[in-house]
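A structural walkthrough
Read off the chains here:
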Amino acid sequence: SGAVQIEKKDNPRLYRIVENLSITLCLPMPKVYIMNDPAPNAFATGRDPKHAVVAATTGLMDIMDDNELEAVMAH
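Let me sum up the structure you'll find in this document. Predicted model, so just to flag it, every value in this text is computed and none were measured.

To find leftover empty space, a probe the size of one water molecule is rolled over the atoms. Considering only enclosed or pocket space, the largest pocket measures out at about 430 Å³ in volume. Along the wall of the largest pocket there are 21 residues; nearest its centre are Pro30, Ala44, Val54, Met73 and Ala74. If you list the elements that add at least two residues to the lining of the largest pocket, you get α1 (12-24), β3 (42-45), β4 (53-57) and α3 (66-74). Per-element accounting of the lining of the largest pocket gives the leading share, 4 residues, to β3. Of the residues contributing to the lining of the largest pocket, the split by class is 16 nonpolar, 4 polar and 1 charged.

Conventions we followed
- Here, residues in each chain are numbered from 1, in the same order as that chain's written sequence.
- The model is predicted, so local features are restricted to residues of pLDDT at least 70 and side-chain atom pairs to those at 80 or more, both for listing and for counting; the totals for chains, interfaces and linings are taken over all residues.
- Each side-chain value is derived from all of the structure's non-hydrogen atoms; neither hydrogens nor water enter the calculation.
- Definitions used throughout: a 1 Å grid over protein atoms alone; a cavity as a set of points that fits a 1.4 Å probe which cannot get out; a pocket as an open set with protein on both sides within 12 Å along at least five of seven lines; a lining residue as one with an atom within 4 Å of a point.
- Grid points are joined across faces, edges and corners, and a volume is the space filled by probe spheres set on the points.
- To qualify as a helix, a DSSP run of H or I must reach at least 4 residues; to qualify as a strand, a run of E must reach at least 2; elements of each kind are numbered from the N terminus.
- In this classification, Asp, Glu, Lys and Arg are treated as charged, Ala, Val, Leu, Ile, Met, Phe, Trp, Tyr, Cys and Pro as nonpolar, and every other residue, Gly included, as polar.

None of the figures reported here should be taken as evidence of function without further support.
Structure (structure tokens):
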């Protein structure tokens with residue numbers, strides 16, 4: 001998929017949204033990935049919460065405000 005793992009300093013907006021969801025839902029923080037793709041898309045994978053990964057495309061982040069992006073990442 002070409003997804004690249006990020007840290008907070010790489011994309012504070014996406015990372016902070018995922019981090020806040022993790023804290024609110026009392027779940028372990030998943031690894032966060034970004035895909036350089038203009039198509040709006042996101043996915044989650046992992047066999048359990050300890051091995052979770054969430055990813056979003058740059059296209060998705062470009063068209064959504066923080067509330068919309070939070071809803072997608074929570075889903």
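More follows now that the structure is in view.
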